[in-house]
Amino acid sequence: MNASKSFTWHTTLCGALVIFGLLGGYLLQLVGSQETEQNRPWYETLPAVAMDYKVHIEAGKEDCYYQYVQPGSTFYVSFQVIRGGDGMAGFAVRNPRGEIVHPYQWQASSDYTDGSSMGGYYAVCIDNQFAKFASKMVNLYLTVIRYDEWEKYTKEIEELNVNMNNFTNTISTVERNLNSMFQHQAYSRNQEARDYALIVDNNSYVQKWSLLQIVVIVLTTSVQVYFVRKLFDVKTGNSKMGI
């Protein structure tokens, strides 16, 4: 009788510990997920994000940059080589599953658009491994836009029984046009930066060679003058004449 009571007591205690363990694990998982959401940078939760970078890629190296994209968002990235070497580099984009959605190509500029992202971190990689000696200056322009946020605004207006469909459509159209304009401005800035870098490099090249040629001309003239004077240099000495 005592043995059966002891067995029942131990069984009940073990069952309670298992239940508390499962509940504790679930609570820890829930708290961890909430902390992860809270620790996420504030700019990753915005309806629209636009970033413009200028990065330096060493010769023979590859650099990758990661951008978080919320599910259903529109992800756009463009790259352009501003200066360095032959003015071209490799450019590739990987989705959150690690799949290459934009394969590597050796070119001066390129872009990629994902109209409905699966959500997660996209990898934007720039490859300069084919250039063994020349480093590159590259411009990166990234945008992440959540067009579904406008639908939430429309639903809120409908709940207020206000007929603002034309207004919201106009705002949506303006927002899309603004995004296209920002992309065009980023491309124009990239072209301007590339042209300016080319002008600076050409100016430096012309100045260096001009100074070198001036030094060569001065040295050549000095040597010529020296040897011409040596030709007409007559040595006079005392001569004795005997009678």
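Definitions and limits used
- Residues numbered from 1 in each chain as written.
- Predicted model: local features only at pLDDT ≥ 70, side-chain atom pairs only at ≥ 80, totals over all residues.
- Heavy atoms only, no water.
- Core = buried A, V, L, I, M, F, W, Y, C linked by side-chain atoms within 4.5 Å.
- Buried < 20%, exposed > 50% of the residue type's maximum accessible area, 1.4 Å probe, protein only.
- Contact = heavy atoms within 4.5 Å.
- pLDDT = per-residue confidence, 0-100.
- Helix = DSSP H or I, 4+ residues; strand = E, 2+ residues; numbered from the N terminus.
- Pairing = 2+ DSSP bridges.
- Axes fitted to C-alpha atoms, helices over the stretch in contact; angles between N-to-C directions.
- Salt bridge = Lys/Arg side-chain N within 4 Å of Asp/Glu carboxyl O.

(A) Layout of the nonpolar core. Ranked by internal contacts, the top residues of the largest apolar core, which has 18 residues, are Phe 75 and Val 77. Ignoring sequence-local partners within four residues, the contact set of Phe 75 consists of Gln 67, Val 69, Val 93, Tyr 112, Thr 113, Asp 114, Tyr 122, Val 124, Leu 142, Thr 143 and Val 144.

(B) Spatial organisation of the confidence of the model for the protein. On average, residues of the protein score 76 in pLDDT, and 70% of them are at 70 or above. Mean pLDDT across the elements of the protein bottoms out in helix H1 (residues 2-39) (47) and peaks in strand E4 (residues 89-94) (91). Confidence over residues 1-7 falls short of pLDDT 50; this stretch has zero contacts with residues more than four positions distant or in other chains. Within the model, pLDDT remains below 50 along residues 30-37, and this stretch shows zero contacts once partners closer than five positions in the same chain are excluded.

(C) Structural view of the pairing of strand E8 (residues 120-127). Here E8 lies mainly inside the structure; seven of its eight residues are buried. Bridge count for E4 against E8 is five bridges, and the pairing is antiparallel. Looking across to E8, one finds that Phe 91 is bridged to Ile 126.

(D) Seen up close, the sheet that holds strand E7 (residues 109-114). Pairing within the open sheet is antiparallel, and its four strands lie in the order E1-E9-E3-E7. In the strand order of this sheet, the two ends are held by strand E1 (48-57) and E7, each with one partner. Strand-to-strand twist of the sheet, defined as the mean angle between neighbouring strand axes without regard to direction, takes the value 10°. Of the pairings in the sheet, the one linking strand E3 (residues 74-83) to E7 comprises six bridges and is antiparallel in character. The partner of Gln 80 across the bridge, within E7, is Ser 109.

(E) Representation of the side chain of Asn 190 in the model. Tracing the sequence through the fold places Asn 190 in helix H3 (residues 165-231). Overall, the relative accessible area of 3% leaves Asn 190 in the buried class. Sequence-distant contacts of Asn 190, that is, excluding residues within four places in its chain, are made with Gln 80 and Asn 139.

(F) Quick peek at the pattern of salt bridges. Within the structure shown, the criterion is met by four salt bridges. With a closest N to O distance of 2.7 Å, Asp 201 and Arg 83 form a salt bridge. Of the two residues, Asp 201 is situated in helix H3 and Arg 83 in strand E3; the sequence distance between them amounts to 118 residues. Taking relative accessible area as the criterion, Asp 201 reaches 33% and is therefore assigned partly exposed. The class for Arg 83 is partly exposed, based on a relative accessible area of 34%. Here Arg 97 and Glu 99 are joined by a salt bridge, their closest N and O atoms 3.4 Å apart. Among the residues examined, Glu 99 registers a relative accessible area of 39% and is labelled partly exposed.

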